[in-house]
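The residues making up each chain are set out below.
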Amino acid sequence: MVLQRLQIGGIQDVTAATSNADELTKLAFDHCLFPVIDQETVRREGPRIYVKGEGIELTDLAGNTTLDMMGSHTRANSLGYGNREIAQAVFDQMTAVHYVGTTSHFAEPTIRLAATLAELTPGGLNRVAFTSGGSESVETALKLAKQYQRESGNKPRAYKTISRWNAYHGSSMGALSVTDWLAVREIFEPRVPGHSFIPNPTRYRNPFDMAEEAYFELCATYLEREIELQGPDTVAAFIGEPVMQANGVQVPSRHYWQRVREICDKHGVLLIADEVITGFGRTGSWFACEHFGLEPDILTMAKALSGGYAPIGAVITTDAIADAIPMLRHVHTFAGHASAAAAANAAISIKRRDGLIETARENGAYFGAELAAALENHPIVGQVRGLGLWHCVDFTADRATKAKFEDDTVSVIVERMRAHGVLACRIGTALEMSPPLITTRAQLDTAVEVCARAVNDVARERGLA
Ligand code: PLP
């Protein structure tokens, strides 16, 4: 059921239902801006308009049903579509008291959620500031770190931050400033002053053609070098995604994160783990930090916190950091929104009750093994890798040199999968899949089969295999 505009007494009414695809497409072109996709592509392919979701299946206006292996495109949807328990929890909260404001104005679900997050997150993380999404969480974390360094008296001059090549931390100016995706960053420069980038640990390819472990060592050593170069007294924080999404699921070694932790401790630099994409089961644990025994000083989250059922994010830090700050000088109107918190509480309860983190780990291992068995020896596949229910196929035009495809081969494979009913995503040199945690093994099998078919067909058509 979709909405149609009707003229009633000169006032536009949007309550009558129709499935008028042409009209909706025109309205979308007339009135919507399409973020991070060029207008020409949308004009050519049309906006994707969906009318129904159930489990991990999405149905569009034309009645086509696809398996959503991308968690609603953004990886936020970790519990699939049509979850009535979450809907009921939100309905109950909305009809009790939907929203009460910020500062010290709370409703019960927000306080309960803070306590649950303190329980679930690693180490001594205990005190929560809420936001409405990932960029706001990163923004809050960076400001919290700077404020702590100043108001604790530890480093009154510290205003600098460090992140890594290929990092994505969000779109707001602070989060964008620590982001290394030129396509979204360049036009808005100059960035917030005082930020620098260092090499990031990557699998399969790295810029110096080094062996993986040696390269990871270089990445960690580079952090210490950069802190010394900037002047340790001026560096407030280092921020990194425990597992980076750039070019597909970059899982570093435990040793890498242990060394980063040691270096941050040595120089009084706060370590911010950005778990916006990895949190709440994506990697087969509540938080990806757990895989590396990493205890950050600040951890950011959003996306799957509510399973995508409500826009909500959060930042959690230690008592020591929270207590050093007389007043957090940062707020967002909808921070800790009661109904969004109710959605998050319900999403977390369902994952706990149904053992979905364990399922993600077990089904993820199965999925990874099947994907590798189907594709890792293919002439255009460089590596198949992943963690939990987050996997990618990293492509190469030449297995000997690991050369990237400079043309549209990877995008065409993703498009071919969509034509065969499976939604995946291109992420740089790789194809990524990050399905909801409720995805069944039969659905994972279908995704593997369709992916292998798309790779084989496109490679054959282009004379690559
Ligand atoms: N941090 C990470 C690691 C992300 O992956 C993202 C979004 O993809 C963000 C921050 C920004 O989150 P949002 O889009 O909710 O603002």
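Our subject is the structure that appears above.
In this report, we go over the structure that sits alongside the text. (Residues numbered from 1 in each chain as written. Predicted model: local features only at pLDDT ≥ 70, side-chain atom pairs only at ≥ 80, totals over all residues. Heavy atoms only, no water.)

## So, the pairing of strand E5 (residues 65–68)
- In the sheet, strand E4 (residues 57–60) pairs with E5 via three bridges, with the strands oriented antiparallel. When the sheet's bridge partners are listed, Leu-58 is paired in E5 with Thr-66.
- Between E4 and the antiparallel strand that follows it, E5, lie four residues; Gly-63 among them carries a positive phi value of about 90°.
- Pairing analysis gives two bridges linking E5 to strand E15 (residues 422–423), with the strands arranged parallel. Among the inter-strand pairings, Leu-67 is bridged to a residue of E15, identified as Val-422. (Pairing = 2+ DSSP bridges. Helix = DSSP H or I, 4+ residues; strand = E, 2+ residues; numbered from the N terminus.)

## Focus on the sheet that holds strand E3 (residues 50–54)
- Across the sheet, four strands lie side by side as E3-E4-E5-E15; this open sheet has mixed pairing. Each edge of the sheet is formed by a strand with only one pairing partner; in this case those strands are E3 and E15.

## Considerations on the packing of helix H14 (residues 409–419) against helix H15 (residues 441–461)
- At a minimum axis separation of 9 Å, H14 and H15 run at an interaxial angle of 130°. One way to sum up the angle between H14 and H15 is to call them oblique. Crossing of H14 against H15: the hand is right-handed. Mapping the contact onto sequence places Thr-409, Val-412, Ile-413, Arg-416 and Met-417 in H14 and Ala-447, Val-450, Cys-451, Ala-454, Val-455, Asp-457, Val-458 and Glu-461 in H15.
- In terms of residue class, the contact of H14 with H15 is built from nine nonpolar, one polar and three charged. (Axes fitted to C-alpha atoms, helices over the stretch in contact; angles between N-to-C directions. Parallel < 35°, antiparallel > 145°, perpendicular 65-115°, else oblique. Left-handed = near helix turned anticlockwise from the far one by under 90°. Contact = heavy atoms within 4.5 Å. Nonpolar A, V, L, I, M, F, W, Y, C, P; charged D, E, K, R; others polar.)

## So, the packing of aromatic side chains
- Going through the model one piece at a time under the given rule, you end up with nine aromatic pairs.
- Here Tyr-99 and Phe-334 contribute two aromatic rings whose centre-to-centre distance is 5.2 Å and whose plane-to-plane angle is 65°, an arrangement assigned as edge-to-face. Here Tyr-99, found in the loop between helix H4 (84–97) and helix H5 (108–120), pairs with Phe-334, found in the loop between helix H11 (319–323) and helix H12 (338–353); they are 235 residues apart in sequence, far enough to count as distant.
- The interplanar angle of 45° and the centroid separation of 4.8 Å between the aromatic rings of Tyr-168 and Trp-181 together place this pair among those described as tilted. One end of the pair, Tyr-168, is in the loop between strand E7 (160–164) and helix H7 (173–177); the other, Trp-181, is in the loop between H7 and helix H8 (182–185), and 13 residues separate them in sequence.
- Given a relative accessible area of 26%, Trp-181 falls into the partly exposed group. (Phe/Tyr/Trp six-rings, centres within 6.5 Å; stacked < 30°, edge-to-face > 60°. Buried < 20%, exposed > 50% of the residue type's maximum accessible area, 1.4 Å probe, protein only.)

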